[in-house]
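# Overview (structure and organization)
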Amino acid sequence: MLSRTGPELMPRYTPSRIEPKWQTWWETNHTFASPRLPGERKRYILDMFPYPSGDGLHVGHPEGYTATDIVSRFERMRGTSVMHPMGFDAFGLPAEEHAIRTGTPPAESTRRNIDTFRRQLKMLGFSYDWSREIATTDPGYVRWTQWIFLVLFDTWFDATENRGRPIAELPIPEDVQTAGSQAVARYRDDHRLAYQSEAPVNWCPALGTVLANEEVVGGVSERGGHPVVRLPLRQWMLRITAYADRLDRELDGLAWPESIKKLQRDWIGRSTGAEVDFFIGESSGSEPDEAGFNAWKQGRASADFPGKPGADVLRVYTTRPDTLYGVTAMVIAPEHPAVAKLTTPAARPAVEAYCEAAARKSDLDRTDLAREKSGVFTGSYCRHPLDGRLVPIWVADYVLASYGTGAIMSVPAHDTRDHEFAVAFGLEIVRVIESSDGGESELPFTDHGRAVNSASYDGLATADFISRVAADLESAGLGRAAVNYKLRDWLFSRQRFWGEPFPILHELDAEGNETGLVRGVPESELPVPLPVLADFKPGNTPDPPLSRADADWLFVEIDGVRYRRETNTMPQWAGSCWYELRFLDPHNSERFIDPEVERAWMPVDLYVGGAEHAVLHLLYARFWHKVLHDRGHVSWPEPFGRLVNQGMILGEMEFTGYRHPQGGWLSAEQTRAHPTQPGVTIDRESGDEAAPARVPAEQVEKQGEHFVLRDAPTIRVDSRAYKMSKSRGNVVNPDQIVQEFGADSLRLYEMFMGPLEATKPWSTAGVGGVRTFLERCWRLVVDERAEEPVLSASVCDDPADEPQLQELHRMLDKVTADIESLSFNTAIARMMEFVNFCTPLTKRPRALLEPFVKALSPFAPHLAEELWQVLGQPAPVSLAAWPEVEQRYLHDATVEIPVQIMGKLRGRVTVDAAADADTMIAAATADPRIAELLEGKTIVKTIAVPGRMVNFVIR
RNA sequence: GCCGGAGUGGCGGAAUGGCAGACGCGACGGAUUCAAAAUCCGUUGCCCGCAAGGGCGUGUGGGUUCAAGUCCCACCUCCGGCACCA
């Protein structure tokens, strides 16, 4: 019996023998080493490096990696200098959780996981320059991550120049200057891009850490789905909001998918509108009197709009200043600083109770569950800046303290949320916009339209109103145009062990208490290593594990001053914010990168990875890069020139039937999803839970639009592919696929499945299909009956004939163009056609096979090297010159064109490829069948596109 | 709710406004074989027809055009993301 993989049968295509052989050869010969500096044409082709999880590689990884590998190999063969490195994003929570469970230090399990990943990546034959491998956990890498943090710490953002500058250049106001050096230090600290803040944070008791806003989804942690509560804590923040404008605008020049750019823009959330001050008076009274208001207004008219709101006003931000006359209430966030002042004695108990409840509420309670608007009246009023009427001030948690000014003007007629709030509390609703067509539109009406009930502005279109009123407010000193961003500053510290320590020291006084002054660790003492700990467990309090380190780690003395180290660690994102730079100069111990190398290789020309990083990683990395750029450390403002997102690979297609609780089948259309429990299906009528059951494909057939059970055609079954997951048991293991089919087959299959960017279901039968193709390639060249791989007798030195050369060059033309456009699936299809063409040939000229093997080599590199060797060519084909496409073989002398009558295909005629319209029409009418159909009809119009088609319009 | 993306044979998918379904999987038939596997050759959108041929077909309904999977309008379904940002 013959087996596919039996080593005794070498003449058959045996990946398990040739793949390790060539992997060793490439490694020994440093085939894919990149030069320090590129030649004339360079390509920096980068994968998003993986987090080395304990599960090893899954089949999603090789998809993007194969795509970039094909492009890298192709570019090398064309003589381009290629940078194609790989490394590991090795800090992160899972290693630490594993450590807590098993007692294994994270460094150890991380090293093991990296070893597994590296083995698996090498097994797939990727042409990485492994001498450039980095892990974010390497001390030599951490050193420079910490160094970049110190750059952030040393930078302030100059808003007038719109760029980051050294903190030493920060202008110090005179009053601060006179207040002494401590005041100056604090002033500087308040302006650094890396700063400490005491703001409420998302504390996750289950994970024992605080999380970034981005890591909290719907009130629970993104990782693990644990509840998150809000807690005030001292934290390190990065002032990414300073760069919001540039992060938004500078997306324009990038060759990124528009959808990703849009996601980033939406996340940054730039909005334009106006800030407006509402008079509340100096004293904490409930109704500011009219005289005071008039005096205030007069004062404002002769002065500039204050940069910061005084205690006598409530400042709001609105994108719709045109609705100013529709204001019927002011609403401030429970955390707004003026809450206490505005609360009247009578209202105090209710307001305090409300604010306390809001503070305790997690984001989950505030959003998902509490859709009903809640709020409480403060008892106070403010004065409307334009018409002077009294407007009640409410507190409600639908207003966020962290956005805009933390206070809004409520316009129930023209804002959905304000409308809900007004309805819930019986507030007045005043229409100030009608639709442009004059129709009585329903409220709330949030579209643009025409102003009504707005004094002298009546009749103005919304856009005109906005610009007019903004100018009027500005000149009256009552408001000004303003820009706001949804983006918040980046909460950058974590109370975990397995992350980069901050290179920061807190000054201690004689009693050992922190003075509040901080300094960076001297550059010469980087990296700050992680301390040796016996126990990695996070505590019940937000005290970081590092605070339990030995005193000789924890305390430092410099120039006679004692310091305590910062004991927070950086989040996992830190390492991936600049790895694209370090790959270019991974062993440099003098600088984080040699500027000459940086200038020569950056930016990344092709960056491929999953769309799940569309916002966070890519935004953070762009931010760091811009800071480094502003400080003169890198030459380009953006790190990634072209970005492509590979699609997700789903599990195999599944048919699912539903079992009725009383037994028997339930047709799929009689079921629906459980209203609250995700993943649970119930009987539409009875509400009973329906048990899903996987149905084998052979028991199913298609009937009209749906799939039904073959034995019970009234029972519909669902058919779809699901995300791979351990719980569903549909995870495909790359090791197993390589063992069964070979790495080349896995690579080729993943590229053949469909477009790179599409989501597509896995099919192991499909891997078998491309394996068959590779076997056909093998038999084209190799004698199957010999003991050792030798050339097939049908391979000859005869020149290739014209039709063969045409086939060859058309294939090469298509494959070349398709690699350039990352359309690997169609490139492979074209090579399959070429092999189908060659298979029946009893004499197969080398002139045909050798260029084909070259074209195949980026896709199936091991097989290509082996075939190249069998053909007697010197290795490696991986660096052979990409075959030239000869244009003269691309075009036929004659073409067959369709002939249509009234747009319907009625025949075909063969004409000279260069035939003009008249010649084509003549040929078409000369065709007996066409002539017959045209007989007795009047030709109204004739369309002839040279080389394409002819169409007769008849009557 | 809002924002993306996608709906084409039994399945994955191809198609600069110009011959819909390339290529692959699956299925069916043939050659080879004692037999099977493997291999090679062929057929394979649906309907009518012995055939020649004809009709219908790219989620639904309309439109533009000599010609629409492709462009425009309205809608349906699925997938992904965001979700009180004033």
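These numbers come from a predicted model, not from an experiment. (Residues numbered from 1 in each chain as written. Chains lettered and ligands numbered in written order. Predicted model: local features only at pLDDT ≥ 70, side-chain atom pairs only at ≥ 80, totals over all residues. Heavy atoms only, no water.)

The helix and strand tally for chain A stands at 29 helices and 44 strands. Summarising its shape, the C-alpha atoms of chain A cover approximately 105 × 90 × 70 Å along the three principal directions. Across the 955 residues in chain A, those meeting the buried criterion constitute 53%. If you take every contact in chain A between residues at least 6 apart in sequence, the share linking residues at least 24 apart comes to 71%. Where the 103 positive side-chain charges of chain A centre and where its 135 negative ones centre are 2 Å apart. (Helix = DSSP H or I, 4+ residues; strand = E, 2+ residues; numbered from the N terminus. Buried < 20%, exposed > 50% of the residue type's maximum accessible area, 1.4 Å probe, protein only. Contact = heavy atoms within 4.5 Å. Lys, Arg positive; Asp, Glu negative; His and termini not counted. Charge placed at Lys NZ, Arg CZ, Asp CG, Glu CD.)

Attention now moves to the domain arrangement of chain A. In many reports, interface size means the accessible area that the parts give up when they come together. In terms of domain boundaries, chain A breaks down into domain 1 (14-135 + 574-646), domain 2 (271-484), domain 3 (650-719), domain 4 (734-889) and domain 5 (894-954). Computed from C-alpha atoms alone, the centre-to-centre distance between domain 3 and domain 5 is 52 Å. (Domains from an automatic or database assignment.)

What follows deals with the protein's contact with RNA strand B. Looking at RNA strand B, there are 56 residues lining it, with T319, R417, R908, R929 and R948 nearest. The sugar-phosphate portion of RNA strand B accounts for 64% of its atoms within 4 Å of the protein, the bases making up the rest. Between a sugar or linking oxygen of RNA strand B and a side-chain N or O atom of R12, the distance comes to 3.3 Å. Here K262 contributes a side-chain N or O atom positioned 3.2 Å from a sugar or linking oxygen of RNA strand B. Looking at the surface near RNA strand B residue by residue, the class counts come to 22 nonpolar, 13 polar and 21 charged. (Near = heavy atom within 4 Å. Polar contact = N/O pair within 3.5 Å; in protein donor to acceptor, adjacent residues only side chain to side chain. Nonpolar A, V, L, I, M, F, W, Y, C, P; charged D, E, K, R; others polar.)

With that settled, the discussion passes to unusual backbone geometry. Of the consecutive residues L526 and P527, the connecting peptide bond is found in the cis state with omega at 0°. The residue after M602, namely P603, is reached through a cis peptide bond having omega -5°. With respect to the secondary-structure elements, P603 resides in the loop between α19 (595-601) and β28 (606-610). Although it is not a glycine, N162 sits at a positive phi angle of roughly 55°. The topology assignment puts N162 in the loop between β5 (155-158) and β6 (163-166).

Take the sheet that holds strand β9 (residues 209-211) next. The strands making up a sheet associate through hydrogen bonds between their backbones, and the pairing can be parallel or antiparallel. Spatial strand order, β9-β8-β12: three strands in an open sheet with antiparallel pairing. The two strands at the open ends of the sheet, each matched to only one other strand, are β9 and β12 (229-232). Averaged over all adjacent pairs, the angle separating strand axes in this sheet is 55°, with direction ignored. Two strands pair when backbone bridges link them, and strand β8 (residues 200-204) and β12 are joined in this way by four bridges, in the antiparallel orientation. Residue pairing in the sheet places P200 in a bridge with P232 of β12. (Pairing = 2+ DSSP bridges. Axes fitted to C-alpha atoms, helices over the stretch in contact; angles between N-to-C directions.)

Moving on to the packing of helix α22 (residues 743-752) against helix α25 (residues 824-838). Two elements in contact, α22 and α25, have axes separated by 7 Å at closest approach and are oriented at 115°. In contact with L748, M751 and F752 of α22, α25 contributes F824, N825, I828, A829 and M832. Here the contact of α22 with α25 is composed, by residue class, of seven nonpolar, one polar and no charged.

Inspection of every chain in the model, using the stated rule, returns two cavities of 30 Å³ or more. The computed volume of the second largest cavity comes to approximately 30 Å³. Looking at the second largest cavity, the residues that line it are E750, M751, G754, P755, L756, L822, F824 and N825. For the lining of the second largest cavity, the secondary structure elements donating two or more residues are α22 and α25. (1 Å grid on protein atoms, 1.4 Å probe; cavity = no way out; pocket = protein on both sides within 12 Å on 5 of 7 lines; lining within 4 Å. Points joined across faces, edges and corners; volume = space filled by probe spheres on them.)

Turning next to helix α4 (residues 106-123). Between its first and last C-alpha atoms α4 spans 25 Å; for 18 residues at 1.5 Å apiece the expected length is 26 Å, and the two agree. Here α4 has its buried residues at P106, S109, T110, N113, I114, F117, Q120, L121 and M123. (Expected span 1.5 Å × (residues − 1).)

Another aspect to go through is the environment of S493. Relative to the helices and strands, S493 resides in the loop between β23 (490-491) and β24 (504-508). With relative accessibility at 0%, the residue S493 sits in the buried group. Sequence separation between S493 and F377 is 116 residues, and the spatial gap between their C-alpha atoms is 37 Å. When near neighbours in sequence (up to four residues on either side) are disregarded, S493 contacts V210, Q235, W236, F502, N568 and T569.

In this section: the pattern of salt bridges. Scanning the entire structure with this criterion turns up 53 salt bridges. For D245, the salt bridge is made with R270, and the minimal N-O distance between the two is 3.3 Å. Linking D245 in helix α8 (residues 244-249) with R270 in the loop between α9 (258-268) and β14 (271-279), this pair joins segments that are 25 residues apart in sequence. Accessibility expressed as a relative area gives 19% for D245, which makes it buried. On the accessibility criterion, R270 (41% relative accessible area) is partly exposed. With its nearest N and O atoms 2.5 Å apart, the salt bridge here joins R417 to D415. Taken together, the salt bridges that share partners define one network made up of R246, E250, R622, K626, D630 and E638. (Salt bridge = Lys/Arg side-chain N within 4 Å of Asp/Glu carboxyl O.)

Right, let's talk about the packing of aromatic side chains for a bit. Any two aromatic rings considered together are summarised by their centre-to-centre distance and by the angle between their planes. In the structure shown here, the tally under the stated rule is 45 aromatic pairs. Centre to centre, the rings of F74 and W882 are 4.9 Å apart; their planes meet at 85°, and the pair counts as edge-to-face. Taken together, the residues span a long stretch of sequence, with F74 in helix α2 (residues 61-77) and W882 in the loop between α27 (861-870) and β41 (894-901) at a distance of 808 residues. With a relative accessible area of 8%, W882 lands in the buried category. (Phe/Tyr/Trp six-rings, centres within 6.5 Å; stacked < 30°, edge-to-face > 60°.)

Another aspect to go through is the packing of helix α23 (residues 764-781) against helix α26 (residues 846-856). Running from N to C, α23 and α26 cross one another at 150°; their axes reach a closest spacing of 11 Å. Accordingly, the angle class assigned to the pair α23 and α26 is roughly antiparallel. For α23 against α26, the interelement crossing comes out left-handed. Where α23 abuts α26, its residues F773, C777, L780 and V781 lie against L849, F852 and L856. (Parallel < 35°, antiparallel > 145°, perpendicular 65-115°, else oblique. Left-handed = near helix turned anticlockwise from the far one by under 90°.)

Turning our attention to the pairing of strand β17 (residues 376-383). When you tally the buried positions in β17, you get six out of eight residues, the bulk of the element. When β17 meets strand β18 (residues 390-395), the two strands line up antiparallel, connected through five bridges. Bridged to C382 within β18 is V391. Taking the residues that link successive antiparallel strands as the turn, the β17-β18 hairpin has six residues, and the phi of G388 there is positive, at about 75°.

Further remarks concern the pairing of strand β1 (residues 42-47). The buried fraction of β1 is high, at five of six residues. In this view, the connection linking β1 to its parallel neighbour strand β2 (residues 81-83) by way of α2 has right-handed handedness. Alignment of β1 against β28, held across three bridges, turns out to be parallel. By the bridge assignment for β28, D47 is matched with V608. (Right-handed = clockwise from strand over helix to strand, strands pointing away.)

Proteins that are soluble and globular tend to have nonpolar side chains buried together. Core analysis: the biggest nonpolar cluster contains 178 residues, and W624 and W762 have the highest contact counts within it. A per-element tally of this core places helix α5 (residues 139-153) first, with 10 residues. For this core, the two domains that each supply at least three residues are domain 1 (14-135 + 574-646) and domain 4 (734-889). Counting residues in each nonpolar core, the second largest holds 49 residues, with V327, A396, V399 and F445 among its members. (Core = buried A, V, L, I, M, F, W, Y, C linked by side-chain atoms within 4.5 Å.)

So, about the sheet that holds strand β13 (residues 235-238). Overall, antiparallel pairing links the three strands, which are arranged β7-β13-β23 in an open sheet. The strands lining the two open edges of the sheet, one partner per strand, are β7 (194-197) and β23. Sheet topology note: the β13/β23 ladder contains two bridges and is antiparallel. What sits directly across from L238, in β23, is W490. Across the face of the sheet, α5 comes into contact with β7 and β13 while running at roughly 75° to β13.

The space that makes up the second largest pocket amounts to roughly 460 Å³. In terms of lining residues, the second largest pocket is bounded by 27 residues, among which A107, T137, D138, P139 and W498 are the most central. Elements supplying a minimum of two residues to the lining of the second largest pocket: α4, β4 (134-135) and α5. A total of seven residues in the lining of the second largest pocket trace back to one element, the largest contributor, which is α4. Considered class by class, the residues forming the lining of the second largest pocket number 20 nonpolar, two polar and five charged.

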